[in-house]
Amino acid sequence: LVMPGFGLPEGCFTFFMWPGQPMQVLAVCDIGLIVAAIFTDPVGFVGRTLDIASDSITGEILSEAFTECAGRPITYRRFPDATLAGNPFLASLTRLVDAGRLSGQADLAALRALVPGLQSFRTWLAGDGHAIFATALGTGGEWSYGTEP
């Protein structure tokens, strides 16, 4: 979420979802907490597959949280049609988000019961993600969105 090229330095974050469209997220450090909880009950998880996430966000939530953390307005927009038309990689990911395949299907309540300390997006942004976000705010430049050689 905080890589160069998504517009944070310019005050307009650009990403995959429509402003009100939900997408589940998970802090990388929380993956280990989930795995550790599963390892404590290996029999209970035999043969099970879990979608994992700790929060559900929308573009509107990103705008609010980024604005709060940055101390200045950060608006949200979905990738423009022209960008998607010119970039098959982004267009493909966007279609998967729209179809629900990348937006997440995790049972957040069950995961929080399994691991009560999972971070919400706002908790991550205020803690572990704060320094990364602050760096991204000052990082100009572009990311080629999967078109690199």
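Figured I'd write up the structure that's included with this text.

Analysis parameters
Residues numbered from 1 in each chain as written. Predicted model: local features only at pLDDT ≥ 70, side-chain atom pairs only at ≥ 80, totals over all residues. Heavy atoms only, no water. Helix = DSSP H or I, 4+ residues; strand = E, 2+ residues; numbered from the N terminus. Buried < 20%, exposed > 50% of the residue type's maximum accessible area, 1.4 Å probe, protein only. Contact = heavy atoms within 4.5 Å. Areas by Shrake-Rupley, 256 points an atom, 1.4 Å probe, with all protein chains shown as cover. Lys, Arg positive; Asp, Glu negative; His and termini not counted. Charge placed at Lys NZ, Arg CZ, Asp CG, Glu CD. Salt bridge = Lys/Arg side-chain N within 4 Å of Asp/Glu carboxyl O. Expected span 1.5 Å × (residues − 1). Disulfide = S-S within 2.5 Å. Patch = residues over 30% accessible without salt bridge, like charges linked within 9 Å, V, L, I, M, F, W, Y side chains within 5 Å.

Brief notes about the overall build of the protein
Turning to step 1, where the next piece is worked out: When helices and strands are tallied, the protein shows seven helices and four strands.
Turning to step 2, where the next piece is worked out: Beginning at the N terminus, the succession of helices and strands in the protein can be written as β-β-α-β-α-β-α-α-α-α-α.
Turning to step 3, where the next piece is worked out: Counting only C-alpha atoms, the protein reaches 50 × 35 × 30 Å along its principal axes.
Turning to step 4, where the next piece is worked out: The buried share among the 149 residues of the protein stands at 36%.
Turning to step 5, where the next piece is worked out: Considering only contacts within the protein whose residues lie at least 6 apart along the sequence, 78% involve residues at least 24 apart.
Turning to step 6, where the next piece is worked out: Element-wise, carbon and sulfur atoms account for 61% of the exposed surface of the protein, whose accessible area totals about 8,100 Å².
Turning to step 7, where the next piece is worked out: Taking the 8 positively charged and 14 negatively charged side chains of the protein as two groups, their mean positions are separated by 4 Å.

Examining the pattern of salt bridges
Turning to step 1, where the next piece is worked out: Under the counting rule described, the total for this entry stands at three salt bridges.
Turning to step 2, where the next piece is worked out: Across the salt bridge formed by Arg 122 and Glu 68, the nearest N and O atoms sit 3.4 Å from each other. Of this pair, Arg 122 sits in helix α6 (residues 121-126) while Glu 68 is found in helix α2 (residues 59-70), placing the two residues 54 residues apart along the sequence.
Turning to step 3, where the next piece is worked out: Take Glu 68: its relative accessible area is 63%, and that puts it in the exposed class.
Turning to step 4, where the next piece is worked out: Asp 98 is the salt-bridge partner of Arg 78, the closest N and O atoms lying 2.8 Å from each other. Of this pair, Arg 78 sits in strand β4 (residues 75-78) while Asp 98 sits in helix α4 (residues 88-98); the two residues are 20 residues apart in sequence, bridging distant segments of the chain.

Some points on the side chain of Ser 103
Turning to step 1, where the next piece is worked out: If you trace the backbone, Ser 103 turns up in the loop between α4 and α5 (108-114).
Turning to step 2, where the next piece is worked out: Beyond its immediate stretch of four places on either side in the chain, Ser 103 contacts Pro 22, Met 23, Gln 24 and Val 97.

Considering α2
Each turn of an α-helix holds 3.6 residues, which means side chains three or four residues apart point in the same direction.
Turning to step 1, where the next piece is worked out: For α2, built from 12 residues, the straight-helix expectation of 16 Å at 1.5 Å per residue is met to within 8% by its first-to-last C-alpha distance of 16 Å.
Turning to step 2, where the next piece is worked out: Regarding α2, the residues found buried are Gly 59, Leu 62, Ser 63, Ala 65 and Phe 66.
Turning to step 3, where the next piece is worked out: In this structure, the buried side of α2 is in contact with β1 (12-15), β3 (55-57), β4, α6 and α7 (130-137).
Turning to step 4, where the next piece is worked out: Gly 71 sits one or two residues past α2 and shows a positive phi near 75°.

Describing the state of the cysteines
Two cysteines form a disulfide when their sulfur atoms are joined by a covalent bond.
Turning to step 1, where the next piece is worked out: Applying the stated criterion across every chain, the model contains zero disulfides.
Turning to step 2, where the next piece is worked out: Cys 69 supplies the cysteine sulfur nearest to Cys 29, a cysteine that is in no disulfide, at a spacing of 16 Å.

Brief notes about a nonpolar patch on the surface
Turning to step 1, where the next piece is worked out: Where nonpolar side chains cluster on the molecular surface, the patch consists of Val 28, Ile 31, Val 35, Phe 39 and Ile 52 and spans about 470 Å² of accessible area.
Turning to step 2, where the next piece is worked out: Residue placement: Phe 39 occurs in helix α1 (residues 28-39).
Turning to step 3, where the next piece is worked out: We classify Phe 39 as exposed; its relative accessible area is 63%.

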